[in-house]
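Fold and contact review
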Amino acid sequence: DSPYNAGYYKPYLCQFQGQLWAARSRMEHSSRVKEEADMNTRTHACYPRILMIRSPNQSEWVRCVDRDIIIHTKYIAISYRATDVYSRGLGEKKEKAQFTDEVRATVLGQQFDAYWLDLECLGETPLEENLDVYCMSDVYRRAETTLIMLGRADSGEDECWRSWGGRVWTFPEALLSSRLCYKFRDREEVESLSLFQLANLAYTNSEDEQAIVNAYAGGKDPLERLERLTLLKKAIWRRAMAGLPTRSGPPPPPKSDMVDGGSDTGEGYKPHKAEHVYALMGFFEHRIQPNHDEDELRALARLSMANDTDRIADRMVSMFPSTTTPGACWYADNDIYDANLWDILPEIQVAGVTENGALVLDGCRAAAIRWKDFPEVPFATTFSLRRKIVGSIPYFSWPFIVIGLGVIPKTSKVAGFVLIGIGLLLLFFSPRLFLYSKSGRIINKQPWLIGVKGVVDRETVESHLYGGTIAHFPRMYFTPSGSLFSKPEQFSRRIGSDVWWMIGDGSICRGHFSKSVCSFTMYFYIFFVYLCMLSQAGGKLLQPPQISDSLLGWLPPLIRMKEPELVDKLGLDECA
């Protein structure tokens, strides 16, 4: 209840009582079921786990798992879209076999005796599948060449490129490869391909993809690491998994049920729910073990905790998303104030993620809104010798009166009355002299977050916070930014517009004004927050009834006011 405020946010004392599904620290208990592959996997693999290699007698292709052979073998990695190769049904196996024969013939034509194709090189058990997905990006990093197998050109070359470019794994396969080439299934030619050509052919609908390719192709406009990862996340989120159409427009928020059957690779393989996150993690320094049971929110939180330098989830928490994800409100692709992830330096840390995808934060601080009254706010003004002298004059009023009273009986009545008159005159003007001495421009003040229900003008707030003043300028300014209700004035000085209230469709208005130019830097500045409940009828604002200035002047209008009119003026919640 003390009006004193220490000047910084107080620690948020609420604590999480349950068990973490996944914790940042390895020393903490996590309820997440860890599989055997979690314990013995390298962060980066120097070779694929399985390769298809042509046997020495040149007669057949064999599935090789021997490390000593694989590390000495140069190979081609194959990239394709499943819908361009086979369709579900009775002829699926035949179509896969035909595609495999085409791949093998093309590999031999490029003078290679080994290749990696997910139809033949993915694991057969869930543990092996998770391990292969974990190391997928390394397969393309270590390949001598990545061959993009497109659909049939007679169906339209542009359509083939758009189909391939709409896949989830297209970015790890293309951006992490040392060399690219492509081939249409109904043509014999194999053409080399640069990343810039790839961007023009497969990524023509988004500036994000163009910027990413330009950064990885060694262009003259490189992106910072966090910006590059953010664009990659948006681009990968926009892409479709097997059996799902390619998305357009802004990327949708992650969901736990985005996989709808279908297979992107071999028989029996089902895409992970968090396939987008696993495609993205190949660009991070540290990775997470894939798991069929976790959704994208939990996987993204785990990936963020594993890469503490990037702090993706920590920064998302600090944003104000334009759309809130139903499962977890911390996820944000954009900010309502157009802030980017790399603009934010979070002071909190994600300690873990719960079973339902909620984040547990450490280091939180909270600012309470004061609703009961206006506090006494210490403040400092600019120094002025004239105001200093004027402010000290009232203190001489009583000395003049006392001296005058002492002079009258002993020395001169005239001199005594003159001194008393001067003292009374100073005493009479003391209030205005004090106001003038405190009327300087405010340069510093104690931070407060004050809430008022109703409508109050700026002058009233100034008088409550800073007391009276004699000045030709306001002591508080409407903020020109930081709120959707802020509007800047077109003056030489950066201040907000005096149009500080608005009427919305929901009849609730929120505004911010302060001495500061940034309405969300509450650590440094005082803020006034108001909520007004107004209604509009017939194009005219309905004002409350007039009341007299007497002590009980509010009673007659209240007695005469009917309930429908109260609801119209105040709102249903106020009349309940």
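Predicted, not measured: the structure shown is a model, and the values here were computed from it. Each residue is numbered by its place in its chain's sequence as written, counting from 1. Totals for whole chains, interfaces and linings use all residues, but because this is a predicted model, local features are given only for residues with pLDDT of at least 70 and pairs of side-chain atoms are given and counted only at 80 or more. Water and hydrogen atoms play no part in the side-chain values, which are based on all heavy atoms of the structure.

1. As for the overall build of the protein chain
- Numbered from the N terminus, helices here are DSSP runs of H or I no shorter than four residues, and strands are runs of E no shorter than two. On a plain count of helices and strands, the protein chain comes out with 20 helices and 20 strands.
- The rule is simple: take the accessible area with a 1.4 Å probe, protein chains only, and divide by the maximum for that residue type; under 20% is buried, over 50% is exposed, in between is partly exposed. Looking at the protein chain residue by residue over its 576 residues, the buried ones come to 45%.
- Whether two residues are in contact is decided by their heavy atoms, any of which lying within 4.5 Å being enough. Within the protein chain, contacts between residues separated by at least 24 positions form 64% of all contacts whose residues are at least 6 apart in sequence.
- Method for areas: the Shrake-Rupley scheme with a 1.4 Å probe, in which residue coverage is limited to the protein chains shown. Of the accessible surface of the protein chain, which amounts to about 31,600 Å², a share of 55% is contributed by carbon and sulfur atoms.

2. Some remarks on the pairing of strand S11 (residues 359-362)
- Whether two strands pair comes down to DSSP finding at least two bridges between them. Here strand S10 (residues 349-353) pairs with S11 via 4 bridges, running antiparallel. When the sheet's bridge partners are listed, Val 350 is paired in S11 with Leu 361.
- In this structure, the hairpin formed by S10 and S11 is closed by a connection of 5 residues, where Gly 357 is found at a positive phi of approximately 90°.

3. Regarding the environment of Ser 397
- Here Ser 397 is to be found in helix H15 (residues 397-410).
- Since its relative accessible area comes to 1%, Ser 397 is described here as buried.
- Expressed as a C-alpha distance, the spacing of Ser 397 and Ser 430, which sit 33 residues apart in the sequence, is 8.5 Å.
- Among all residues touching Ser 397, those that are not within four sequence positions of it are Gly 423, Leu 426 and Leu 427.

4. Observations concerning a nonpolar patch on the surface
- Taken together, the side chains of Ile 547, Leu 552, Trp 554, Leu 555, Leu 558 and Ile 559 present a nonpolar region at the surface, about 610 Å² in accessible area.
- Among the structural elements, Ile 547 can be located in the loop between strand S20 (540-541) and helix H18 (555-560).
- Owing to a relative accessible area of 49%, Ile 547 belongs among the partly exposed residues under this scheme. Each patch is built from residues that are more than 30% exposed by relative accessible area and take part in no salt bridge. Like charges join if they lie within 9 Å; nonpolar side chains (Val, Leu, Ile, Met, Phe, Trp, Tyr) join within 5 Å. Each salt bridge in this description consists of a side-chain nitrogen of Lys or Arg and a carboxyl oxygen of Asp or Glu lying within 4 Å of one another.

5. Some words on the nonpolar core
- Residues grouped as a nonpolar core are buried Ala, Val, Leu, Ile, Met, Phe, Trp, Tyr and Cys residues, joined through side-chain atoms within 4.5 Å. In this structure, Ile 78, Trp 161 and Leu 198 are the most contacted members of the largest nonpolar core, which totals 98 residues.
- Residue contributions to this core peak at 7 residues, all from helix H10 (residues 225-237).
- Aside from chain neighbours lying at most four places away, what touches Trp 161 is Ile 148, Leu 150, Tyr 182, Phe 184, Leu 193, Leu 198, Leu 201 and Ala 202.
- Judged by nonpolar contacts, the second largest core, of 10 residues, contains Ile 442, Ile 450, Val 456 and Met 476.

6. Structural notes on the confidence of the model for the protein chain
- For every residue, the pLDDT score states the predictor's confidence, bounded by 0 at the bottom and 100 at the top. Counting all residues, the mean pLDDT for the protein chain is 76, and 77% of those residues have values of 70 or more.
- Averaged pLDDT values for the elements of the protein chain fall to 36 in strand S19 (residues 536-537) and rise to 94 in strand S6 (residues 114-116).
- Counted against residues more than four places away or in other chains, residues 242-250, with its pLDDT under 50, gives 19 contacts.
- In the predicted structure, residues 256-268 sits below a pLDDT of 50 and forms 43 contacts with residues beyond four places in sequence or in another chain.

7. Considerations on the sheet that holds strand S7 (residues 145-150)
- In space, the 7 strands of this open sheet follow the order S4-S3-S6-S5-S7-S8-S9, with mixed pairing throughout. Here the strands that pair on one side only, and so sit at the sheet edges, are strand S4 (61-64) and strand S9 (191-193). Looking at each pair of strands side by side, their axes are set apart by 30° on average, direction ignored.
- Note that strand S3 (residues 51-54) and S6 share 2 bridges and pair antiparallel. Each bridged residue has a counterpart across the sheet, and for Ile 53 the counterpart in S6 is Ala 114.
- Axes here refer to lines fitted to C-alpha atoms; in helices the fit is confined to the stretch in contact. Angles between the N-to-C directions go from 0 to 180 degrees. Here helix H6 (residues 157-165) sits on the sheet and contacts strand S5 (76-80), S7, strand S8 (180-184) and S9; the angle it forms with S7, its principal contact strand, is near 120°.

8. Some details on the environment of Arg 441
- Mapped onto the fold, Arg 441 is located in the loop between helix H16 (413-437) and strand S14 (442-445).
- For the pair Arg 441 and Pro 474, spaced 33 residues apart in sequence, the C-alpha separation works out to 8.6 Å.

9. Some details on the environment of Gly 352
- Counting through the fold element by element, Gly 352 comes out in strand S10.
- Overall, Gly 352 belongs to the buried group, its relative accessible area being 0%.
- Each C-alpha atom, one on Gly 352 and one on Arg 302, is 8.0 Å from the other, the two residues being 50 residues apart in sequence.
- Excluding residues that lie within four positions of it along the chain, Gly 352 makes contacts with Leu 20, Ala 22, Ala 23, Arg 24, Met 305, Ala 358, Leu 359 and Val 360.

10. Some remarks on the sheet that holds S10
- Pairing is antiparallel across the open sheet formed by 3 strands, whose spatial order is S2-S10-S11. Two strands close off the open sheet at either side, each with one partner strand: strand S2 (22-23) and S11.
- Pairing analysis gives 2 bridges linking S2 to S10, with the strands arranged antiparallel. Its bridge partner being in S10, Ala 22 is matched across the sheet by Val 353.

11. Points about the side chain of Lys 233
- Among the structural elements, Lys 233 can be located in helix H10.
- In this structure, Lys 233 is in contact with Leu 280, Met 316, Tyr 331 and Asp 333, ignoring residues within four places of it in sequence.

12. What about unusual backbone geometry?
- With phi around 65°, Gln 111 is a residue other than glycine that occupies positive phi space.
- You can see Gln 111 is positioned in the loop between helix H2 (92-109) and S6.
- Of note in the backbone geometry, Asp 338 takes a positive phi value of approximately 65° without being a glycine.
- On the basis of relative accessible area, Asp 338 is assigned to the exposed category, the value being 66%.

13. Topic: the pattern of salt bridges
- For the coordinates displayed, the defined rule picks out 18 salt bridges.
- Linking Arg 185 and Glu 102 is a salt bridge whose minimum nitrogen-to-oxygen distance equals 2.9 Å. You can see Arg 185 sitting in the loop between S8 and S9 and its partner Glu 102 sitting in helix H2, a full 83 residues away along the chain. As far as burial versus exposure is concerned, Arg 185 and Glu 102 are alike and both buried.
- Residue Arg 370 pairs with Asp 373 through a salt bridge whose shortest N-O separation is 2.7 Å.

14. Looking at the packing of helix H8 (residues 195-202) against helix H9 (residues 207-216)
- Taken N-terminus to C-terminus, the directions of H8 and H9 make an angle of 170°; their axes are 9 Å apart at the nearest point. The orientation of H8 relative to H9 falls into the category roughly antiparallel. Together, Leu 195, Phe 196, Ala 199 and Asn 200 of H8 and Gln 210, Val 213, Asn 214 and Tyr 216 of H9 make up the contact between the two elements.
- Residues are sorted three ways: Asp, Glu, Lys and Arg are charged, Ala, Val, Leu, Ile, Met, Phe, Trp, Tyr, Cys and Pro are nonpolar, and all the rest, Gly among them, are polar. When grouped by side-chain class, the residues that make up the contact of H8 with H9 number 5 nonpolar, 3 polar and no charged. Any angle that is under 35 degrees is reported as roughly parallel, and any over 145 degrees as roughly antiparallel; angles of 65 to 115 degrees are reported as roughly perpendicular and all others as oblique.

15. Points about the packing of H15 against H16
- Axis separation between H15 and H16 bottoms out at 7 Å; the angle between their running directions is 160°. Accordingly, the angle class assigned to the pair H15 and H16 is roughly antiparallel. For the pair H15 and H16, the crossing hand works out as left-handed. Residues Ser 397, Trp 398, Phe 400, Ile 401, Ile 403, Gly 404, Leu 405, Val 407 and Ile 408 of H15 lie in contact with H16, whose contacting residues are Lys 413, Ala 415, Gly 416, Phe 417, Leu 419, Ile 420, Ile 422, Gly 423, Leu 424, Leu 426 and Leu 427.
- In the contact of H15 with H16, the residues fall into 15 nonpolar, 4 polar and 1 charged. Helix crossings fall into two classes, left-handed where the near helix is turned counterclockwise from the far one by less than a right angle and right-handed where it is turned clockwise.

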